Amino acid sequence: MRGQFTGWPEQAMDVLWQLQGEPTHATRERYRADRERLVRQPMIALLNEIADTDPRYEDFSVWHYRTDSWWWQHQGAVIRLGRKIEISLRFALDGLRIQGAWWYPDPGQVAMFRKAVASEGSGRELSAIVEDVRKKGYDISGDVMKRPPRGYPTDHSRTNLLRHRSLIAARPLGCEEWLHTPEAVDRVLSAAADLDALLMWLVRHVKRAA
């Protein structure tokens, strides 16, 4: 059901501004209730609305603040699509950021990923997907070995992908007026659609631990 998310109030930025640097315990406590109401609760509403749009997005978490000041200054959330495969959102003073990631892999997942990359059909598919995502403005990163992994030819046509032990595609969505309106839902859904082919490839090929 659309309509539960109305945008982050403009006062959310004021709260985050007050929490910059190394805020004292007293400062954090002073702004705790406002941060919950103006920063974290809108993220929960956003994720609920996204989940209502697509049931694949129902398994999500919206983080609390912890003790590190960074967590007070950045509101994070994840949508889990498979084992160690997720969409992450982060709201902060510089706006909203999204990333699709397979990271912190379970034992055996890296071997499964490499096998799929080396296979002609699935490997070519991933290579094309990554290039398409890159052209849409996403930075491609991850835990990347300096050398090709053992057991694979050093001149393999997809050696750059074979060196990955995680794979992340990320970009900022911006800090414009739409953040304070329901339009943010459509912005996130559009970005999720950009990442869909990459994440579904990962779900098919590395979602299980060996």
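Let me sum up the structure you'll find in this document. The numbering scheme is per chain: residues are counted from 1 as the chain's sequence reads. Per-residue local features of the predicted model are confined to residues with pLDDT of at least 70, and side-chain atom pairs are confined, for both listing and counting, to 80 or more; whole-chain, interface and lining totals are unaffected and use all residues. Note that the side-chain values use all heavy atoms of the structure and ignore hydrogens as well as water.

1. Focus on the overall build of the protein chain
Per the convention used, a helix needs a DSSP run of H or I reaching at least four residues, while a strand needs a run of E reaching at least two, with both numbered from the N terminus. When you go through the protein chain residue by residue, the secondary structure sums to seven helices and six strands. Mapped in sequence order, the helices and strands of the protein chain form the string α-α-β-α-β-β-β-α-α-β-α-β-α. Taken along the three principal axes of its C-alpha coordinates, the protein chain extends 60 × 40 × 30 Å. For the exposure calls, accessible area comes from a 1.4 Å probe over protein chains only, and a residue counts as buried if that area is under 20% of its type's maximum, exposed if over 50%, partly exposed in between. Relative to its 210 residues, the protein chain shows a buried fraction of 47%. Sequence-distant contacts, at least 24 apart, represent 66% of the contacts inside the protein chain between residues at least 6 apart. Per-residue and other accessible areas follow the Shrake-Rupley method at a 1.4 Å probe size, with only the shown protein chains counted as cover for residues. Here the protein chain has roughly 10,700 Å² of accessible surface; of this, 50% comes from carbon and sulfur atoms. Positive and negative side-chain charges in the protein chain, numbering 31 and 28 respectively, have mean positions lying 9 Å apart. Two residues form a contact once any of their heavy atoms are found within 4.5 Å. Think of it this way: Lys and Arg go in the positive column, Asp and Glu in the negative one, and His and the chain ends go nowhere. Charge placement uses NZ in Lys and CZ in Arg. For Asp and Glu, CG and CD serve respectively.

2. Some remarks on the side chain of Q99
Looking at the secondary structure, you find Q99 in strand β4 (residues 95–102). Within 3.5 Å is the distance limit for a polar contact, defined as a pair of N or O atoms, with the added protein rule that one can donate a hydrogen and the other accept it, and that residues adjacent in sequence qualify only through two side-chain atoms. Among the polar contacts listed, one links the side chain of Q99 to the side chain of R97, at a separation of 3.2 Å. Residues within four places of Q99 in sequence aside, it is in contact with E86, I87, S88, I168, A169, A170 and L195.

3. Brief notes about unusual backbone geometry
With a phi close to 65 degrees, K84 is a non-glycine residue in the positive phi region. When you line up the elements, K84 lands in the loop between β2 (75–82) and β3 (85–92).

4. Focus on the pattern of salt bridges
When a carboxyl oxygen of Asp or Glu is within 4 Å of a side-chain nitrogen of Lys or Arg, the pair counts as a salt bridge. Per the stated rule, a full pass over the model turns up 17 salt bridges. Note that R83 is salt-bridged to D106, the shortest N-O span being 2.5 Å. Placement of the pair is R83 in the loop between β2 and β3 and D106 in the loop between β4 and α4 (109–118), with a sequence separation of 23 residues. In this structure D106 comes out as buried when scored by relative accessible area, which is 12%. For the salt bridge of R171 with D194, the shortest nitrogen-to-oxygen distance reads 3.9 Å. Taken together, the positions of R171 in strand β6 (residues 167–174) and D194 in helix α7 (residues 183–206) put the pair 23 residues apart, joining distant regions of the chain. Judged by its relative accessible area of 22%, R171 is partly exposed. Within this structure, D132, K136, R171 and D194 form a network of salt bridges that share partners.

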